[in-house]
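In case you want the letters, here they are:
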Amino acid sequence: MIPLRHPFRWITGALTVAVLAAALLSLASNPNLDTPTVLQYLFHPAIIRGLGTTIWLTVVAMVLGLAGGTVVAVMRLSANPVLRYVATAYIWFFRGTPLLVQIIFWGFLGALYPVLSLGIPLTEITFAQIATSTAIGATAASLIALTTNEAAYAAEIVRAGILAVDSGQAEAASALGLTGAQTTFRVVLPQAMRVIVPPMGNETITMLKSTSLVSVIGGADLLSNAQSIYAQNFKVIPLLVVVALWFLVLTSVLTIGQGFLERRFGRGINRTGPSGGFVARWISSRRDKALRIESEEQHQ
Amino acid sequence: MNIPSLALEVPMMEARGIRKSFGHLEVLKSIDMTVQQGEVACLIGPSGSGKSTFLRCINHLETVDGGQMRVAGELVGYTRRGNKLHEMRPADVAKQRKHVGMVFQRFNLFAHMTALENVLFAPGVVDGRRGPAAREAALELLERVGLRAWAGHYPAQLSGGQQQRVAIARALAMQPRLMLFDEPTSALDPELVGDVLDVMRGLARDGMTMIVVTHEMGFAREVADTVTFMDGGVVVESGTPAELFGNPQQDRTRAFLSKVL
């Protein structure tokens, strides 16, 4: 038997190689790319510091954003109409204005409220007060802006996840004597995670890149620090290449991590095999094998 | 068992004038029913007759619009203060449900937990019963439904009949004094029905009080102490299996039985 030939695959392959080779040749021969400068700054202390800020801003904003989003989602599905309207208004406001505007707003909060004070409202009594610009620096403003914005998006993702769980699950939990909160946190949300994880993976990658927006208020992230370097030495393109390279490394790591999470929360549902990237597939298939052997030993 | 014991003369379930509407549709029109301790009561009737809704009123999964439901002598979902009935707080309703087990048509096993975890879950979360003793008790329950070897499997890896038997073990783990079955075999392939009914027969033999909504007339005839026929939101007729199947008094009962027997 002679298998069907696929000449088009060869043609597209050759074209791709040609285009890539042309692009690489053109870049390599372009003196403005300045590879030595790229290598010089790739591990520069200011770049590494900025990278650190970018990573922790992403992690903290995502963790707090997901936690806040879960609260907003539960509020939106609550039987209490006040909570429902508050949650809807929150999502409307923070999804309805551009993230960049929100970041600048939090960065210039001092223009709206120059002084933050703790006291009893409508009286002259104050216990403490502090200048807004001291209390909320550029990094804190960045974190607040990213978190509050993320919570609005996460809320909709979590809500979709909760609605995807069969109502019979909550009914069975109620019939066993679980309270509403126990049902939500022990039965519904763990199963909603299967639906929540893939879009939250995308959100994390988007968040990683959105952190670069805080450079407009001097958030000391990767892009901010690269900008302050090229403001002095005018090597704009090499430093942007450094930034792009680091972002590619980080998004690649996140993509692999997402595969792990999808598999973890697909427990009991995905019988067809692991999802996610090839690295996650390989590692989890080894772990599965170990588990199988363990459970067979238990049976005997 | 550490459930407070019940005086023998108190009925396990006593419904008086239960009414329930969904919008304009009245699905239960004043239902009276009594089930004594240790009895097996089967509810039969055409679909839409209200028997599943009535079953769900027994553990307050549905609120009632009128009448009074008592389980083990206790008013379900309401507290009497003076002359008025006050709706209970959700946490108190949850406490009442602890000792009423329920088995659903679609099993509703927790999909993210293994069979063993499903059985261990409610005793751990609700009563704080954890550790080796709880684990041993859960494994014994799985043994009782014939699925100890399947303890580590997720629901998606089990057949419908196996899932339903795990669901029965899960309900028994809360040490219920009353078990409700809502068409437990209706979603099963015919060859899997027998195993589930065997487990239910075993429960009945052990003296469990059971209320079973079912289309399995053979099971009702063999196991039930009383059979109640419902149609159009009312109890048409009830009696022992011999009376109801052998000598039905009402035309509607005769018409229904002629179709299903």
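Residues numbered from 1 in each chain as written. Chains lettered and ligands numbered in written order. Predicted model: local features only at pLDDT ≥ 70, side-chain atom pairs only at ≥ 80, totals over all residues. Heavy atoms only, no water.

## Focus on the overall build of chain B
Check the secondary structure of chain B and you find nine helices and twelve strands. Whereas a compact globule of 261 residues would reach a radius of gyration of roughly 18 Å, chain B reaches 18 Å, a difference of no more than 12%. For the C-alpha atoms alone, the extent of chain B along its principal axes is close to 55 × 50 × 40 Å. For chain B, the proportion of its 261 residues judged to be buried stands at 55%. Restricting the contact set of chain B to residue pairs at least 6 apart, pairs at least 24 apart contribute 63%. Accessible surface for chain B amounts to roughly 11500 Å². Of this, 48% is attributable to carbon and sulfur atoms. In chain B, the 29 positive side-chain charges and the 29 negative ones have mean positions that sit 6 Å from each other. (Helix = DSSP H or I, 4+ residues; strand = E, 2+ residues; numbered from the N terminus. Rg over C-alpha atoms; globule rule 2.2 N^0.38 Å. Buried < 20%, exposed > 50% of the residue type's maximum accessible area, 1.4 Å probe, protein only. Contact = heavy atoms within 4.5 Å. Areas by Shrake-Rupley, 256 points an atom, 1.4 Å probe, with all protein chains shown as cover. Lys, Arg positive; Asp, Glu negative; His and termini not counted. Charge placed at Lys NZ, Arg CZ, Asp CG, Glu CD.)

## Comments concerning the packing of helix H4 (residues 132-144) of chain B against helix H5 (residues 160-172) of chain B
Residue and element names in this part refer to chain B. Running from N to C, H4 and H5 cross one another at 140°; their axes reach a closest spacing of 9 Å. As far as their axial angle goes, H5 and H4 are oblique. With respect to the hand of their crossing, H4 and H5 are arranged in right-handed fashion. Side by side, H4 and H5 meet where Leu-141, Leu-142 and Arg-144 of the first sit next to Val-166, Ala-169 and Leu-172 of the second. (Axes fitted to C-alpha atoms, helices over the stretch in contact; angles between N-to-C directions. Parallel < 35°, antiparallel > 145°, perpendicular 65-115°, else oblique. Left-handed = near helix turned anticlockwise from the far one by under 90°.)

## Quick notes on the sheet that holds strand E2 (residues 25-35) of chain B
If you walk across this open sheet you meet the four strands as E2-E1-E4-E5 (chain B), and the pairing is antiparallel. Looking at the sheet topology across the chains shown, the edges are occupied by E2 and strand E5 (74-75) of chain B. (Pairing = 2+ DSSP bridges.)

## Topic: the sheet that holds strand E9 (residues 178-182) of chain B
Residue and element names in this part refer to chain B. Read across the open sheet, the six strands follow the order E8-E9-E10-E3-E11-E12; overall the sheet is mixed. In this open sheet, the two strands that pair with only one neighbour each are strand E8 (100-103) and strand E12 (234-239). Pairs of neighbouring strands in the sheet enclose a mean axial angle of 15°, with direction left out of account. Strand direction decides the pairing type here: strand E3 (residues 40-44) and strand E11 (residues 226-231), joined by four bridges, are parallel. Of the residues in E11, the one forming a bridge with Ile-44 is Phe-229. Packed on one face of the sheet, helix H1 (residues 51-58) meets E3, E8, E9, strand E10 (209-213) and E11 and runs near 150° to E9.

## Some points on the side chain of Thr211(A)
All names here are of chain A. For Thr-211, the location among the structural elements is in the loop between helix H10 (180-210) and helix H11 (222-233). According to the relative accessible area criterion, Thr-211 is buried, its value standing at 0%. Residues in contact with Thr-211, not counting those within four places in the same chain, are Thr-54, Leu-57, Thr-58, Leu-146, Asp-221 and Phe-247.

## A few points about the side chain of Glu150(A)
Tracing the sequence through the fold places Glu150(A) in helix H8 (residues 138-164). Once residues lying within four places of it in the same chain are set aside, the contact partners of Glu150(A) are Ala61(A), Met62(A), Gly65(A), Met200(A), Glu203(A) and Met207(A).

## Comments concerning the interface of chain B and chain A
With 27 residues of chain B at the contact, the number on the chain A side is 22 residues. Overall, the association of chain B and chain A removes approximately 2200 Å² of surface from exposure, summing both partners, and the carbon and sulfur fraction of that is 61%. Taken as a group, Phe110(B), His112(B) and Val125(B) account for 24% of the area that chain B buries against chain A, more than any other trio of residues on that side. Put simply, chain B and chain A have one salt bridge between them. Measuring nitrogen to oxygen at the nearest pair gives 2.6 Å for the salt bridge that ties Arg56(B) to Glu171(A). In this structure, the connection of chain B to chain A is made through five residue pairs in polar contact (both at pLDDT 80 or more). At the level of secondary structure, the elements contributing two or more residues to the side of chain B that touches chain A comprise helix H2 (90-97), E8, helix H3 (115-127) and H5 of chain B. Sorting elements by how many residues they give to the side of chain B that touches chain A places H3(B) first, with four residues. (Buried area = accessible area lost by both parts, 1.4 Å probe. Salt bridge = Lys/Arg side-chain N within 4 Å of Asp/Glu carboxyl O. Polar contact = N/O pair within 3.5 Å; in protein donor to acceptor, adjacent residues only side chain to side chain.)

## Details of unusual backbone geometry
You will see that Asp34(A), though not glycine, has its phi angle at about 60°, which is positive. Within the secondary structure, Asp34(A) is located in the loop between helix H1 (7-28) and helix H2 (35-42). The residue Phe107(B) is not glycine, and still its phi comes out positive at about 65°. In this structure, Phe107(B) sits in the loop between E8 and H3.

## Notes on the pattern of salt bridges
Inspection of the entire model under this criterion finds 18 salt bridges over all chains. Lys98(B) is the salt-bridge partner of Asp127(B), the closest N and O atoms lying 3.0 Å from each other. With Asp127(B) in helix H3 and Lys98(B) in the loop between H2 and E8, the pair connects residues that are 29 residues apart, well separated along the chain. Across the pair Asp195(B) and Arg165(B) runs a salt bridge whose closest N-O atoms are separated by 3.8 Å. A residue pair is termed long-range when its members are at least 10 positions apart, and Asp195(B) in helix H6 (residues 190-205) and Arg165(B) in helix H5 qualify at 30 residues. A relative accessible area of 36% places Asp195(B) in the partly exposed class. Among the ionic contacts, a cluster of salt bridges with common partners joins Arg76(A), Glu156(A) and Arg159(A).

## With respect to the confidence of the model for chain B
The predicted model of chain B averages 93 in pLDDT, with 98% of residues at 70 or higher. Interface confidence in the predicted complex, given as ipTM, is 0.92; pTM for the same model is 0.79. (pLDDT = per-residue confidence, 0-100.)

## As for the confidence of the model for chain A
Chain-level statistics for chain A give a pLDDT mean of 87 and a share of 89% at 70 or above. Long-range and interchain partners of residues 271-276 of chain A, a stretch whose pLDDT sits below 50, account for 13 contacts in this model, where long-range means more than four residues apart.

## Remarks on the packing of aromatic side chains
All told, the structure shown has six aromatic pairs over all chains when counted by the stated rule. With a centroid separation of 5.1 Å and 80° between ring planes, the pair formed by Phe93(A) and Phe94(A) is classed as edge-to-face. On the accessibility criterion, Phe93(A) (42% relative accessible area) is partly exposed. By relative accessible area, which is 12% here, Phe94(A) ends up buried. Counting every residue linked through ring pairs, the aromatic cluster contains Tyr90(A), Phe93(A) and Phe94(A). Its end group placed over the ring of Phe110(B), Arg170(B) keeps NZ or CZ at 4.5 Å from the ring centre. Its end group placed over the ring of Phe245(B), Arg221(B) keeps NZ or CZ at 5.1 Å from the ring centre. (Phe/Tyr/Trp six-rings, centres within 6.5 Å; stacked < 30°, edge-to-face > 60°. Lys NZ or Arg CZ within 6 Å of the ring centre and 35° of its normal.)

## Looking at the environment of Thr214(B)
All names here are of chain B. Positionally, Thr-214 belongs in the loop between E10 and helix H7 (217-223). The class of Thr-214 is buried, set by a relative accessible area of 2%. Between the C-alpha atoms of Thr-214 and Asp-189, which are 25 residues apart in sequence, the distance is 15 Å. The residues contacting Thr-214, other than those within four sequence positions of it, are Cys-42, Leu-43 and Ile-44. In terms of polar contacts, Thr-214 uses its side chain to reach the backbone amide nitrogen of Glu-216, at 2.9 Å.

## Here's the deal with H4(B)
All names here are of chain B. Taking 1.5 Å of rise per residue, 13 residues should cover 18 Å, and H4 covers 18 Å from first to last C-alpha, within 8% of that figure. Those residues of H4 that are buried are in contact with H3 and H5. Positive phi appears at Gly-146, one or two residues downstream of H4, with a value of about 75°. (Expected span 1.5 Å × (residues − 1).)

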